[in-house]
Amino acid sequence: MSLAVTSMVALAFLIPLALTVREIARDRALTTAERQASALGPVLVVTEDPAALERAVASTAAGAAGRMTVHMPDGGLVPREGHGDFSARPEQLAEAGRRGRAYNARVNGGYALLQPVSLDAGRTAVVEVFLPDEDLSRGVWQAWLVMTTVAAALVAGSVAVADRLGARMIRSTRRLAEAAGAFGEGELSVRIEPDGPPELIEAGLAFNAMADHVVQLLAAEREMAADLSHRLRTPLAALRLNAEALGDGPVADQTREAVDRIEHEVDQIIRTVRRPTGRGSCDAAKVLRDRVSFWSVLAEDEGRSCELIGADGPAELPLPGTELAAAVDALLGNIFRHTAEGTGFAVTLHQGQGVTGILVADAGPGITDPDAALKRGSSGGGSTGLGLDIARRAAESTGGYLRIHRSVLGGAQVQMWFRTKWLPPARRSRRLVRRRHSRT
């Protein structure tokens, strides 16, 4: 932009100035020639002697260079030789006499300045000074070269200054974008030192204030979650005492096992909320193998087919393993709760460039209105929608999304797509918008 603007400004001044320089050079040459021609006027009035006139012509610069000729009224020429092929035509001489003043006529190789001089008895002599084309443009090309060099230097200087100013602003903007990306990746301790233009300084201060506020909110939320989890220990203790009092038997064993699992989950919640804030990462393939193996036992009891696809190799995911396991458990739990026994399901792990997808498909009746289910967070059929909401939040925490489609098994297919590579906010939003539009 700086190059375009300064170039336009330079051209706006350079072109008129170049034309002015050319006109000045032309006017200077014509004025010099007219002054030399006028110098012969007094001589012609005093004498018409050819020898005297030749001496007078030779005393001028044009005459010494052989570029001055005096056309006498009787048709004679002074000097008699050296006129070349640049002499004015008779009609041009007549036109100069008719005008009674200096007249410029085009001749071979340049211009002829024709200066009429009135003699006695109404006679008129014409002094001709030849001006070659190079005299009319003498020094013009050198002046144009100097002006062009100066204009180019000014343009280059302005572009260099604009580049330094722009680089300073870009560095500040890039640092702010990198800090925002790191904050989004879970590095909640990241802060920036605001610099650059006033607007970017204000944006940096606002970012730091926002980051502090988010950290405070998360800390308060974690404390509240931990407090609620601790409150569960009292009823759990009473429940365990009651379970121990049941004695022996399958029902008592199952009850005690359920109590153990609840206590384990409560402990896990407390450890999670007490853990320092951070996103973490996990091997999605390993998590899927563990969770599918866990649910396959119940699936075998209910006569359901269970398949895990694409989880042979490692699949790094920027999400804690506990959060991914919770999302997968929520989706698989929905299958067991809302489909009949014997309904099969499949879990597929798909790895792409910068994105990883986990597809949970079943052979059940499917979800009648997927869009409404995503809006209200429930799949219908009396579901609270907690499973879909857990899965959606896990996907969106990495910059991904959740989608519901018809599976090849005939039922519903819930797709969790996770971003495995951070993108700048503008690029990320545009890609997500395009992807969302393509699926509507």
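What you see is a predicted model, and the numbers here were worked out from it, not measured in a lab.

Undergrad: How do you make sense of the side chain of Arg304 when you look at a structure like this?
TA: Looking at where Arg304 falls in the secondary structure, it is placed in the loop between α11 (284-301) and β7 (306-309). There is a polar contact of 2.8 Å between the side chain of Arg304 and the side chain of Thr339.

Undergrad: Could you clarify how one ought to interpret the nonpolar core in this entry?
TA: A general tendency of soluble globular proteins is for nonpolar side chains to be buried together. Grouped together as the largest cluster of nonpolar side chains are 37 residues, with contacts concentrated most on Leu324, Leu332, Val347, Leu349, Ile358, Met416 and Phe418. Sequence-distant contacts of Leu332, defined by excluding residues within four places in its chain, comprise Trp295, Phe345, Val347 and Val360. Counting 23 residues, the second-largest nonpolar core is a separate cluster that includes Ala29, Val57, Ala62 and Leu136.

Undergrad: Help me understand the sheet that holds strand β10 (residues 355-362) in this model?
TA: Within a beta sheet, neighbouring strands are joined by backbone hydrogen bonds and run either parallel or antiparallel to one another. What the five strands build is an open sheet, ordered β7-β9-β10-β12-β11; its pairing is mixed. Each edge of the open sheet is held by one strand with a lone partner, namely β7 and β11 (401-406). In this sheet, neighbouring strand axes are inclined to one another by 15° on average, regardless of whether the strands run parallel or antiparallel. Contacting β9 (345-351), β10 and β12 (412-419), helix α12 (residues 321-338) runs over the sheet at an angle of about 20° to β10.

Undergrad: Honestly, the packing of aromatic side chains in this entry has me stumped. Any pointers?
TA: The geometry of an aromatic ring pair is captured by the separation of the ring centres together with the interplanar angle, meaning the angle of the planes. Enumeration over the complete set of coordinates arrives at five aromatic pairs. Between Trp141 and Trp144 the ring centres are 5.1 Å apart and the planes differ by 75°, which places this aromatic pair in the edge-to-face class. Of this pair, Trp141 and Trp144 both sit in helix α7 (residues 140-184), three residues apart, which is roughly one turn of that helix. Arg26 extends its terminal NZ or CZ atom over the ring of Tyr111, reaching a point 4.8 Å from the ring centre. In this structure, Arg304 packs its charged tip against the face of Phe336, placed 4.7 Å from the ring centre.

Undergrad: Would you explain the sheet that holds strand β5 (residues 124-132) in this entry?
TA: Taken in spatial order, the five strands of this open sheet run β2-β1-β5-β4-β3, and their pairing is antiparallel. Both edges of this open sheet fall to β2 (77-78) and β3 (103-107), since each of them pairs with a single strand only. This element, helix α5 (residues 90-99), spans β1 (68-71), β3, β4 (110-118) and β5 of the sheet and lies at about 170° to β3.

Undergrad: Can you help me understand the packing of α11 against α12 in this one?
TA: With their axes 10 Å apart at the nearest point, α11 and α12 run at an angle of 30° to one another. Between α11 and α12, the interaxial angle falls into the category roughly parallel. Of the two elements, α11 crosses α12, and the hand of that crossing is right-handed. For the pair formed by α11 and α12, the contact residues are Ala284, Val287, Leu288, Arg291, Trp295, Leu298 and Ala299 on the first element and Gly321, Leu324, Ala325, Val328, Asp329, Leu332, Gly333 and Phe336 on the second. When the residues that make up the contact of α11 with α12 are grouped by side-chain class, the tally is 11 nonpolar, two polar and two charged.

Undergrad: Would you take a moment to explain the environment of Gly97 for this structure?
TA: Residue position: Gly97 is located in helix α5. Each C-alpha atom, one on Gly97 and one on Ser118, is 8.8 Å from the other, the two residues being 21 residues apart in sequence.

Undergrad: How do you make sense of α12 when you look at a structure like this?
TA: For an α-helix, 3.6 residues make a turn, and residues three or four places apart therefore share a direction. Counted at 1.5 Å a residue, the expected span for α12 with its 18 residues is 26 Å, and the 26 Å between its end C-alpha atoms agrees. Residues Leu324, Ala325, Ala327, Val328, Asp329, Ala330, Leu331, Leu332, Gly333, Asn334, Ile335 and Phe336 constitute the buried set of α12.

Undergrad: How should helix α3 (residues 50-58) be read in this particular structure?
TA: Taken residue by residue, α3 has Ala52, Leu53, Ala56 and Val57 as its buried positions. Looking straight down α3, one finds that the buried residues subtend no more than 135° of arc, so they occupy a single side. On its buried face, α3 sits against α2 (41-46), α4 (61-64), β1 and β2.

Undergrad: Even after reading the chapter, I still don't get the pattern of salt bridges, so can you show me in this structure?
TA: Between side chains of opposite charge, pairing is possible as soon as their charged atoms come close. Throughout the structure, instances matching the rule amount to 17 salt bridges. Of the charged contacts, one joins Arg67 and Asp135 as a salt bridge, the two residues approaching to 2.7 Å between their closest N and O atoms. One end of the pair, Arg67, is in the loop between α4 and β1; the other, Asp135, is in helix α6 (residues 133-136), and 68 residues separate them in sequence. Classification of Arg67 as partly exposed rests on a relative accessible area of 27%. Arg99 is the salt-bridge partner of Glu95, the closest N and O atoms lying 2.8 Å from each other. Residue Glu95 and its partner Arg99 are both found in helix α5; the two are separated by four residues, about one turn of the helix.

Undergrad: What exactly am I supposed to notice about the packing of helix α1 (residues 2-38) against α7 here?
TA: Helices that pack against each other are described as a pair by the angle of their axes relative to one another and the distance between those axes. Put simply, α1 and α7 touch, their axes get as near as 10 Å, and they point 165° apart. In terms of orientation, α1 lies roughly antiparallel with respect to α7. As α1 packs across α7, the resulting crossing turns out to be right-handed. Contacts between α1 and α7 pair Ser2, Leu3, Thr6, Ser7, Ala10, Leu14, Leu17, Ala18, Val21, Arg22 and Ala25 from the former with Val140, Ala143, Trp144, Met147, Thr148, Ala151, Val155, Ser158, Val159 and Ala162 from the latter.

Undergrad: Can you help me understand the pairing of β5 in this one?
TA: Strand residues, when the strand is regular, have side chains that alternate between the two faces of the sheet. Among the nine residues in β5, eight count as buried, and that is most of the element. Across four bridges, β1 lies against β5 in antiparallel orientation. Looking at β5, one finds that Met68 is bridged to Val129. Bridge count between β4 and β5: nine bridges; the pairing is antiparallel. Paired with Gly110 across the two strands is Pro132, which belongs to β5. Connecting β4 to the next strand, β5, in antiparallel fashion are five residues, including Ala121 with a positive phi near 60°.

Rules used in this analysis
Residues numbered from 1 in each chain as written. Predicted model: local features only at pLDDT ≥ 70, side-chain atom pairs only at ≥ 80, totals over all residues. Heavy atoms only, no water. Helix = DSSP H or I, 4+ residues; strand = E, 2+ residues; numbered from the N terminus. Polar contact = N/O pair within 3.5 Å; in protein donor to acceptor, adjacent residues only side chain to side chain. Core = buried A, V, L, I, M, F, W, Y, C linked by side-chain atoms within 4.5 Å. Buried < 20%, exposed > 50% of the residue type's maximum accessible area, 1.4 Å probe, protein only. Contact = heavy atoms within 4.5 Å. Pairing = 2+ DSSP bridges. Axes fitted to C-alpha atoms, helices over the stretch in contact; angles between N-to-C directions. Phe/Tyr/Trp six-rings, centres within 6.5 Å; stacked < 30°, edge-to-face > 60°. Lys NZ or Arg CZ within 6 Å of the ring centre and 35° of its normal. Parallel < 35°, antiparallel > 145°, perpendicular 65-115°, else oblique. Left-handed = near helix turned anticlockwise from the far one by under 90°. Nonpolar A, V, L, I, M, F, W, Y, C, P; charged D, E, K, R; others polar. Expected span 1.5 Å × (residues − 1). Arc of directions from axis to C-beta. Salt bridge = Lys/Arg side-chain N within 4 Å of Asp/Glu carboxyl O.

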